[in-house]
Amino acid sequence: NPELRRNLRVGPQQNRAEGNKCAAAIGEPAQKRRFNDVTPGEVLTLADRIKKRVVGQDHVIDQITESIEMAKADLKNPRRPKGSFLLIGPTGVGKTLIFEVLFEELIKTAEEEDGFICIDCPEYCLEHDIAKLIGAPPGYIMSDKGGLLTNHIAMYPFSVVLFDEIEKAHQSIYNLQMKITDKGMLTDSQGNKVSLSEAIIGMTSNVGVKEMQGLKALGFGARIDEETKREHLEKSLFGHFNPEWLGRLDGIFYCRSLAAEDYLKIVDLELALALKWFAERRKIEVSWNEDVKQLIYANGADTDRFGARPIKGRVERLFSKPLSKCVLRNDFQEGDRLEAGVEKEKIIFERRS
Ligand SMILES: Nc1ncnc2c1ncn2[C@@H]1O[C@H](COP(=O)(O)OP(=O)(O)O)[C@@H](O)[C@H]1O
Ligand SMILES: [Mg+2]
(Lines give C-alpha, C1' and ligand atoms only; values in the text may rest on other atoms or scores of the structure.)
(Ligands and ions follow the chains in the order given, each with its own letter.)
Protein backbone atom coordinates (compact mmCIF):
# COMPACT_ATOMS: atom_id res chain seq x y z
CA ASN A 1 0.00 0.00 0.00
CA PRO A 2 1.64 3.23 -1.19
CA GLU A 3 0.05 5.35 1.57
CA LEU A 4 1.43 3.10 4.25
CA ARG A 5 4.82 3.02 2.61
CA ARG A 6 4.86 6.77 2.63
CA ASN A 7 4.02 6.88 6.32
CA LEU A 8 6.92 4.63 7.12
CA ARG A 9 9.33 6.94 5.35
CA VAL A 10 10.17 8.90 8.48
CA GLY A 11 11.89 12.17 7.69
CA PRO A 12 13.89 14.41 10.02
CA GLN A 13 11.00 16.82 10.51
CA GLN A 14 8.54 14.08 11.21
CA ASN A 15 8.56 14.29 14.97
CA ARG A 16 7.99 18.00 15.15
CA ALA A 17 4.72 18.02 17.02
CA GLU A 18 6.14 17.23 20.41
CA GLY A 19 5.99 13.68 21.59
CA ASN A 20 3.88 12.58 18.67
CA LYS A 21 4.99 10.05 16.17
CA CYS A 22 3.06 10.74 13.04
CA ALA A 23 0.25 12.19 10.96
CA ALA A 24 0.27 15.96 11.10
CA ALA A 25 3.63 15.68 12.86
CA ILE A 26 5.07 15.60 9.38
CA GLY A 27 5.05 19.39 9.56
CA GLU A 28 4.93 21.22 6.24
CA PRO A 29 2.91 19.51 3.52
CA ALA A 30 4.99 17.87 0.80
CA GLN A 31 2.66 19.22 -1.86
CA LYS A 32 3.76 22.25 -3.88
CA ARG A 33 0.64 22.99 -5.91
CA ARG A 34 -2.28 24.15 -3.79
CA PHE A 35 -5.81 25.28 -4.47
CA ASN A 36 -4.64 28.90 -4.42
CA ASP A 37 -2.28 28.18 -7.30
CA VAL A 38 -5.10 27.08 -9.58
CA THR A 39 -5.89 29.97 -11.91
CA PRO A 40 -9.47 31.11 -12.59
CA GLY A 41 -8.90 30.17 -16.22
CA GLU A 42 -8.00 26.63 -15.24
CA VAL A 43 -11.20 26.31 -13.24
CA LEU A 44 -13.29 27.71 -16.08
CA THR A 45 -11.93 25.20 -18.58
CA LEU A 46 -12.03 22.27 -16.17
CA ALA A 47 -15.39 20.93 -17.33
CA ASP A 48 -14.32 20.80 -20.99
CA ARG A 49 -11.10 19.03 -20.13
CA ILE A 50 -12.92 16.38 -18.11
CA LYS A 51 -15.54 15.89 -20.82
CA LYS A 52 -12.82 15.01 -23.32
CA ARG A 53 -12.06 11.96 -21.21
CA VAL A 54 -15.40 11.05 -19.65
CA VAL A 55 -18.15 10.39 -22.16
CA GLY A 56 -21.85 11.08 -21.75
CA GLN A 57 -21.93 12.56 -18.24
CA ASP A 58 -21.78 16.27 -19.15
CA HIS A 59 -24.56 17.21 -16.77
CA VAL A 60 -22.77 15.71 -13.76
CA ILE A 61 -19.42 17.17 -14.75
CA ASP A 62 -20.97 20.64 -15.10
CA GLN A 63 -22.51 20.48 -11.64
CA ILE A 64 -19.25 19.41 -10.01
CA THR A 65 -17.11 21.99 -11.77
CA GLU A 66 -19.61 24.80 -11.14
CA SER A 67 -19.42 23.99 -7.46
CA ILE A 68 -15.61 24.23 -7.63
CA GLU A 69 -15.97 27.56 -9.46
CA MET A 70 -17.96 28.83 -6.48
CA ALA A 71 -15.16 27.81 -4.15
CA LYS A 72 -12.60 29.54 -6.37
CA ALA A 73 -14.75 32.69 -6.39
CA ASP A 74 -14.85 32.62 -2.56
CA LEU A 75 -18.57 32.03 -2.47
CA LYS A 76 -18.16 29.06 -0.14
CA ASN A 77 -17.11 28.67 3.45
CA PRO A 78 -13.30 28.54 3.18
CA ARG A 79 -12.96 26.20 6.14
CA ARG A 80 -14.99 23.44 4.55
CA PRO A 81 -13.93 21.14 1.71
CA LYS A 82 -14.06 22.64 -1.79
CA GLY A 83 -16.93 20.28 -2.53
CA SER A 84 -18.58 17.03 -1.52
CA PHE A 85 -20.36 15.04 -4.19
CA LEU A 86 -22.13 11.70 -4.22
CA LEU A 87 -22.54 9.95 -7.58
CA ILE A 88 -25.13 7.27 -8.19
CA GLY A 89 -26.05 5.34 -11.32
CA PRO A 90 -25.62 1.99 -13.06
CA THR A 91 -22.35 0.03 -13.14
CA GLY A 92 -19.47 1.08 -15.35
CA VAL A 93 -20.73 4.47 -16.53
CA GLY A 94 -17.91 6.60 -15.15
CA LYS A 95 -18.76 7.34 -11.51
CA THR A 96 -15.32 6.51 -10.20
CA LEU A 97 -13.66 7.73 -13.39
CA ILE A 98 -15.08 11.25 -13.00
CA PHE A 99 -13.19 11.70 -9.74
CA GLU A 100 -9.99 10.17 -11.10
CA VAL A 101 -10.06 12.50 -14.08
CA LEU A 102 -11.01 15.48 -11.89
CA PHE A 103 -7.84 14.85 -9.91
CA GLU A 104 -5.70 14.51 -13.02
CA GLU A 105 -7.05 17.67 -14.62
CA LEU A 106 -7.17 19.87 -11.52
CA ILE A 107 -4.43 18.72 -9.15
CA LYS A 108 -1.90 16.47 -10.83
CA THR A 109 1.12 18.03 -12.53
CA ALA A 110 4.15 16.62 -14.31
CA GLU A 111 6.17 17.07 -11.12
CA GLU A 112 3.53 16.00 -8.65
CA GLU A 113 1.55 12.80 -8.94
CA ASP A 114 0.04 12.74 -5.47
CA GLY A 115 -3.17 14.27 -4.30
CA PHE A 116 -5.60 11.42 -4.84
CA ILE A 117 -6.69 8.96 -2.21
CA CYS A 118 -9.25 6.26 -2.84
CA ILE A 119 -10.88 4.70 0.16
CA ASP A 120 -12.34 1.38 -0.94
CA CYS A 121 -15.25 1.24 1.45
CA PRO A 122 -15.74 -2.57 1.36
CA GLU A 123 -12.43 -2.67 3.26
CA TYR A 124 -13.97 -0.54 6.00
CA CYS A 125 -17.01 -2.61 6.83
CA LEU A 126 -16.19 -3.17 10.52
CA GLU A 127 -16.23 -0.48 13.16
CA HIS A 128 -12.56 -0.81 14.02
CA ASP A 129 -11.57 -0.58 10.34
CA ILE A 130 -12.18 3.15 10.60
CA ALA A 131 -9.06 3.29 12.76
CA LYS A 132 -7.08 2.68 9.59
CA LEU A 133 -8.20 6.12 8.41
CA ILE A 134 -7.45 8.18 11.51
CA GLY A 135 -5.03 5.90 13.33
CA ALA A 136 -5.40 3.31 16.05
CA PRO A 137 -5.99 4.63 19.57
CA PRO A 138 -2.88 5.15 21.72
CA GLY A 139 -1.63 1.90 23.20
CA TYR A 140 -2.78 -0.19 20.24
CA ILE A 141 -0.42 -1.69 17.72
CA MET A 142 0.59 0.79 14.98
CA SER A 143 -0.99 3.66 16.91
CA ASP A 144 2.13 5.75 16.29
CA LYS A 145 1.78 5.35 12.52
CA GLY A 146 -1.27 7.58 12.34
CA GLY A 147 -4.15 7.10 9.90
CA LEU A 148 -4.08 6.67 6.14
CA LEU A 149 -6.41 9.58 5.55
CA THR A 150 -5.06 11.98 8.17
CA ASN A 151 -1.46 11.33 7.11
CA HIS A 152 -2.34 11.73 3.47
CA ILE A 153 -4.12 15.04 4.04
CA ALA A 154 -1.26 16.32 6.19
CA MET A 155 1.07 15.85 3.23
CA TYR A 156 -1.33 16.57 0.38
CA PRO A 157 -4.03 18.97 1.58
CA PHE A 158 -5.18 19.68 -2.00
CA SER A 159 -6.56 16.23 -2.77
CA VAL A 160 -9.47 14.38 -4.20
CA VAL A 161 -10.61 12.04 -1.43
CA LEU A 162 -12.75 9.31 -2.94
CA PHE A 163 -14.96 7.08 -0.80
CA ASP A 164 -15.77 4.39 -3.34
CA GLU A 165 -18.91 2.29 -2.80
CA ILE A 166 -19.69 4.20 0.35
CA GLU A 167 -22.72 2.04 1.22
CA LYS A 168 -20.36 -0.84 2.06
CA ALA A 169 -18.59 1.06 4.85
CA HIS A 170 -19.46 0.66 8.51
CA GLN A 171 -21.99 3.18 9.87
CA SER A 172 -19.31 5.00 11.83
CA ILE A 173 -17.98 6.37 8.55
CA TYR A 174 -20.85 8.88 8.73
CA ASN A 175 -19.48 10.40 11.91
CA LEU A 176 -16.12 10.75 10.29
CA GLN A 177 -17.67 12.33 7.22
CA MET A 178 -19.77 14.76 9.21
CA LYS A 179 -16.60 16.01 10.84
CA ILE A 180 -15.18 16.52 7.39
CA THR A 181 -18.20 18.25 5.86
CA ASP A 182 -19.13 20.35 8.93
CA LYS A 183 -15.80 21.40 10.33
CA GLY A 184 -13.42 20.60 7.52
CA MET A 185 -11.18 19.05 10.16
CA LEU A 186 -10.12 15.61 11.27
CA THR A 187 -8.19 14.72 14.39
CA ASP A 188 -6.06 11.61 14.30
CA SER A 189 -5.73 9.21 17.19
CA GLN A 190 -2.62 11.03 18.39
CA GLY A 191 -4.51 14.29 18.62
CA ASN A 192 -3.06 15.91 15.50
CA LYS A 193 -5.53 18.04 13.55
CA VAL A 194 -5.57 18.12 9.79
CA SER A 195 -7.61 20.49 7.66
CA LEU A 196 -9.62 19.25 4.69
CA SER A 197 -10.46 22.75 3.54
CA GLU A 198 -8.67 22.17 0.25
CA ALA A 199 -9.98 18.65 -0.27
CA ILE A 200 -12.67 17.64 -2.72
CA ILE A 201 -14.73 14.80 -1.32
CA GLY A 202 -16.06 12.33 -3.85
CA MET A 203 -18.34 9.42 -3.11
CA THR A 204 -19.93 6.72 -5.20
CA SER A 205 -22.79 4.46 -4.21
CA ASN A 206 -24.24 1.34 -5.75
CA VAL A 207 -27.26 1.19 -3.46
CA GLY A 208 -30.23 -0.13 -5.42
CA VAL A 209 -28.23 -0.95 -8.53
CA LYS A 210 -28.63 -4.74 -8.23
CA GLU A 211 -32.40 -4.43 -7.85
CA MET A 212 -32.51 -2.02 -10.75
CA GLN A 213 -30.60 -4.39 -12.97
CA GLY A 214 -32.89 -7.16 -11.73
CA LEU A 215 -35.99 -5.29 -12.93
CA LYS A 216 -34.93 -5.97 -16.44
CA ALA A 217 -34.48 -9.67 -15.74
CA LEU A 218 -38.00 -9.68 -14.32
CA GLY A 219 -39.31 -8.72 -17.71
CA PHE A 220 -39.68 -4.98 -17.38
CA GLY A 221 -38.70 -4.75 -21.02
CA ALA A 222 -35.43 -4.01 -22.67
CA ARG A 223 -35.41 -0.33 -21.82
CA ILE A 224 -36.23 1.07 -18.44
CA ASP A 225 -36.12 4.79 -19.01
CA GLU A 226 -33.55 6.92 -17.26
CA GLU A 227 -36.12 8.77 -15.17
CA THR A 228 -37.38 5.50 -13.67
CA LYS A 229 -33.85 4.35 -12.92
CA ARG A 230 -32.98 7.61 -11.30
CA GLU A 231 -36.13 7.60 -9.17
CA HIS A 232 -35.44 4.04 -8.10
CA LEU A 233 -31.85 4.83 -7.10
CA GLU A 234 -32.78 8.00 -5.24
CA LYS A 235 -35.46 6.14 -3.34
CA SER A 236 -33.00 3.39 -2.41
CA LEU A 237 -30.50 6.04 -1.39
CA PHE A 238 -32.86 7.75 1.04
CA GLY A 239 -33.87 4.33 2.36
CA HIS A 240 -30.29 3.38 3.07
CA PHE A 241 -28.42 6.51 4.15
CA ASN A 242 -28.93 8.85 7.04
CA PRO A 243 -30.91 11.81 5.60
CA GLU A 244 -29.04 14.21 7.84
CA TRP A 245 -25.80 13.10 6.24
CA LEU A 246 -27.22 13.24 2.71
CA GLY A 247 -28.46 16.76 3.38
CA ARG A 248 -24.98 18.04 4.07
CA LEU A 249 -23.50 17.06 0.74
CA ASP A 250 -23.05 19.68 -1.96
CA GLY A 251 -24.75 17.47 -4.46
CA ILE A 252 -26.09 14.03 -5.28
CA PHE A 253 -25.86 13.43 -9.01
CA TYR A 254 -27.14 10.69 -11.26
CA CYS A 255 -24.78 9.27 -13.89
CA ARG A 256 -26.92 8.00 -16.73
CA SER A 257 -26.68 4.75 -18.65
CA LEU A 258 -24.57 5.08 -21.75
CA ALA A 259 -25.88 4.62 -25.29
CA ALA A 260 -24.26 2.83 -28.24
CA GLU A 261 -22.71 6.04 -29.56
CA ASP A 262 -21.17 6.73 -26.13
CA TYR A 263 -19.62 3.26 -26.04
CA LEU A 264 -18.16 3.75 -29.50
CA LYS A 265 -16.57 7.00 -28.34
CA ILE A 266 -15.14 5.16 -25.33
CA VAL A 267 -13.67 2.56 -27.69
CA ASP A 268 -11.87 5.42 -29.48
CA LEU A 269 -10.57 6.76 -26.17
CA GLU A 270 -9.39 3.34 -25.01
CA LEU A 271 -7.67 2.64 -28.34
CA ALA A 272 -5.88 5.98 -28.13
CA LEU A 273 -4.83 5.17 -24.55
CA ALA A 274 -3.58 1.73 -25.59
CA LEU A 275 -1.37 3.41 -28.21
CA LYS A 276 -0.19 6.17 -25.89
CA TRP A 277 3.50 5.18 -25.92
CA PHE A 278 3.54 3.23 -29.13
CA ALA A 279 3.73 5.98 -31.76
CA GLU A 280 6.42 7.81 -29.85
CA ARG A 281 8.65 4.84 -29.12
CA ARG A 282 8.15 2.71 -32.22
CA LYS A 283 7.61 5.57 -34.68
CA ILE A 284 4.68 3.70 -36.17
CA GLU A 285 1.30 5.34 -36.51
CA VAL A 286 -1.90 3.32 -36.25
CA SER A 287 -5.39 4.36 -37.25
CA TRP A 288 -8.52 2.23 -37.14
CA ASN A 289 -11.79 2.09 -39.01
CA GLU A 290 -15.42 1.79 -37.98
CA ASP A 291 -15.39 -2.04 -38.22
CA VAL A 292 -12.68 -2.20 -35.57
CA LYS A 293 -14.77 -0.13 -33.21
CA GLN A 294 -17.86 -2.24 -33.84
CA LEU A 295 -15.95 -5.46 -33.25
CA ILE A 296 -14.65 -4.18 -29.91
CA TYR A 297 -18.04 -2.82 -28.90
CA ALA A 298 -19.54 -6.22 -29.77
CA ASN A 299 -23.01 -4.75 -30.02
CA GLY A 300 -22.98 -3.94 -26.35
CA ALA A 301 -22.84 -7.61 -25.39
CA ASP A 302 -22.51 -7.05 -21.63
CA THR A 303 -22.98 -3.33 -21.29
CA ASP A 304 -26.25 -3.83 -19.41
CA ARG A 305 -24.44 -5.51 -16.57
CA PHE A 306 -20.97 -3.99 -16.71
CA GLY A 307 -21.30 -0.74 -18.62
CA ALA A 308 -18.03 0.31 -20.23
CA ARG A 309 -15.88 -1.81 -17.97
CA PRO A 310 -15.22 -4.67 -20.42
CA ILE A 311 -14.03 -2.32 -23.17
CA LYS A 312 -10.49 -1.94 -21.89
CA GLY A 313 -10.03 -5.72 -21.73
CA ARG A 314 -11.47 -6.19 -25.20
CA VAL A 315 -9.13 -3.57 -26.62
CA GLU A 316 -6.24 -5.46 -25.10
CA ARG A 317 -7.36 -8.86 -26.30
CA LEU A 318 -8.56 -7.94 -29.78
CA PHE A 319 -6.21 -5.08 -30.65
CA SER A 320 -3.07 -4.73 -28.51
CA LYS A 321 -2.12 -8.39 -28.34
CA PRO A 322 -2.31 -9.10 -32.10
CA LEU A 323 -0.47 -5.82 -32.77
CA SER A 324 2.28 -6.84 -30.34
CA LYS A 325 2.85 -10.07 -32.23
CA CYS A 326 3.13 -8.16 -35.52
CA VAL A 327 5.63 -5.75 -34.01
CA LEU A 328 7.79 -8.45 -32.44
CA ARG A 329 7.81 -10.38 -35.73
CA ASN A 330 9.12 -7.23 -37.42
CA ASP A 331 6.18 -7.05 -39.81
CA PHE A 332 6.48 -3.25 -39.77
CA GLN A 333 9.25 -0.66 -39.75
CA GLU A 334 9.83 2.76 -38.28
CA GLY A 335 7.91 5.40 -40.14
CA ASP A 336 5.12 3.02 -41.19
CA ARG A 337 1.53 4.12 -40.99
CA LEU A 338 -0.90 1.34 -40.33
CA GLU A 339 -4.60 0.99 -40.73
CA ALA A 340 -6.40 -1.50 -38.52
CA GLY A 341 -9.37 -3.26 -40.08
CA VAL A 342 -11.42 -6.38 -39.54
CA GLU A 343 -11.15 -9.67 -41.39
CA LYS A 344 -12.99 -12.83 -40.35
CA GLU A 345 -13.90 -11.39 -36.94
CA LYS A 346 -10.27 -10.50 -36.25
CA ILE A 347 -8.41 -7.23 -36.26
CA ILE A 348 -5.64 -7.08 -38.86
CA PHE A 349 -3.05 -4.39 -39.48
CA GLU A 350 -2.01 -3.24 -42.93
CA ARG A 351 0.48 -0.70 -44.16
CA ARG A 352 -1.19 2.35 -45.67
CA SER A 353 0.32 3.31 -48.99
N1 LIG B 1 -18.42 7.69 -19.19
C2 LIG B 1 -17.26 7.06 -19.47
N3 LIG B 1 -16.35 7.61 -20.32
C4 LIG B 1 -15.19 6.98 -20.60
N5 LIG B 1 -14.83 5.80 -20.08
C6 LIG B 1 -15.67 5.19 -19.23
C7 LIG B 1 -16.91 5.80 -18.87
N8 LIG B 1 -17.54 5.00 -17.98
C9 LIG B 1 -16.73 3.95 -17.79
N10 LIG B 1 -15.60 4.05 -18.53
C11 LIG B 1 -14.52 3.04 -18.59
O12 LIG B 1 -14.88 1.97 -17.71
C13 LIG B 1 -13.99 1.91 -16.59
C14 LIG B 1 -14.80 1.70 -15.31
O15 LIG B 1 -15.61 2.83 -15.06
P16 LIG B 1 -15.96 3.32 -13.57
O17 LIG B 1 -15.94 4.79 -13.54
O18 LIG B 1 -15.05 2.63 -12.62
O19 LIG B 1 -17.43 2.76 -13.40
P20 LIG B 1 -18.45 3.00 -12.21
O21 LIG B 1 -19.51 3.90 -12.76
O22 LIG B 1 -19.01 1.64 -11.92
O23 LIG B 1 -17.69 3.59 -11.07
C24 LIG B 1 -13.23 3.23 -16.61
O25 LIG B 1 -11.95 3.11 -16.07
C26 LIG B 1 -13.20 3.55 -18.09
O27 LIG B 1 -12.17 2.78 -18.72
MG1 LIG C 1 -16.96 2.66 -9.33
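Reading the values: rules and limits
Residues numbered from 1 in each chain as written. Chains lettered and ligands numbered in written order. Predicted model: local features only at pLDDT ≥ 70, side-chain atom pairs only at ≥ 80, totals over all residues. Heavy atoms only, no water. Helix = DSSP H or I, 4+ residues; strand = E, 2+ residues; numbered from the N terminus. Buried < 20%, exposed > 50% of the residue type's maximum accessible area, 1.4 Å probe, protein only. Contact = heavy atoms within 4.5 Å. Areas by Shrake-Rupley, 256 points an atom, 1.4 Å probe, with all protein chains shown as cover. pLDDT = per-residue confidence, 0-100. Phe/Tyr/Trp six-rings, centres within 6.5 Å; stacked < 30°, edge-to-face > 60°. Lys NZ or Arg CZ within 6 Å of the ring centre and 35° of its normal. Near = heavy atom within 4 Å. Polar contact = N/O pair within 3.5 Å; in protein donor to acceptor, adjacent residues only side chain to side chain. Nonpolar A, V, L, I, M, F, W, Y, C, P; charged D, E, K, R; others polar. Pairing = 2+ DSSP bridges. Disulfide = S-S within 2.5 Å.

Turning our eyes to something else, we now look at the overall build of the protein chain. Check the secondary structure of the protein chain and you find 16 helices and ten strands. Burial statistics for the protein chain: of 353 residues in total, 47% are counted as buried. Pairs at least 24 residues apart make up 74% of the contacts formed inside the protein chain by residues separated by at least 6 positions. As displayed, the protein chain offers around 18,400 Å² of accessible surface, 51% of which is attributable to carbon and sulfur atoms.

When pLDDT is averaged along the protein chain, the result is 89; 90% of the residues meet or exceed 70. Counting contacts from residues 1–20, a segment whose pLDDT is below 50, to residues more than four positions away or on other chains yields 35 contacts.

Applying the stated rule across the entire model yields nine aromatic pairs. By way of ring pairs, the aromatic residues Tyr174, Phe241 and Trp245 are connected into one cluster. Above the plane of the ring of Phe35 lies Lys72, whose end atom (NZ or CZ) is 5.0 Å from the centre.

Turning our attention to the site of ligand 1. Within the structure, ligand 1 sits among 16 residues, and Val55, Gly92, Thr96, Glu270 and Arg309 are positioned closest to it. A distance of 2.8 Å is found between a nitrogen atom of ligand 1 and a backbone nitrogen or oxygen belonging to Val55. One of the side-chain N or O atoms of Arg309 is found 2.5 Å from an oxygen atom in ligand 1. For ligand 1, whose free accessible area comes to 550 Å², the fraction covered by protein is 89%. For the shell around ligand 1, the element with the highest residue contribution is helix 5 (residues 95–106), accounting for three residues. Of the residues contributing to the shell around ligand 1, the split by class is seven nonpolar, four polar and five charged.

As a further point, take the pairing of strand 6 (residues 200–204). Summarising burial for strand 6: five of the five residues are buried, a large majority. Of the two faces of strand 6, both are covered, the one formed by Ile200, Gly202 and Thr204 as well as the one formed by Ile201 and Met203. In this structure, strand 1 (residues 83–88) lies alongside strand 6, joined through five bridges in parallel fashion. Of the residues in strand 6, the one forming a bridge with Ser84 is Ile201.

Looking now at the state of the cysteines. Considering all chains together, one arrives at zero disulfides under this definition. In this structure Cys118 is a free cysteine whose sulfur lies 8.0 Å from that of Cys121, the closest cysteine sulfur available.

What follows is about the pairing of strand 10 (residues 346–351). Here is the key point about a regular strand: its side chains alternate between the two faces of the sheet. Strand direction decides the pairing type here: strand 9 (residues 337–343) and strand 10, joined by six bridges, are antiparallel. If you follow Val342 over to strand 10, its bridge partner there is Ile347. Between strand 9 and strand 10, which pair antiparallel in sequence order, lie two residues; one of them, Lys344, sits at a positive phi of approximately 50 degrees.

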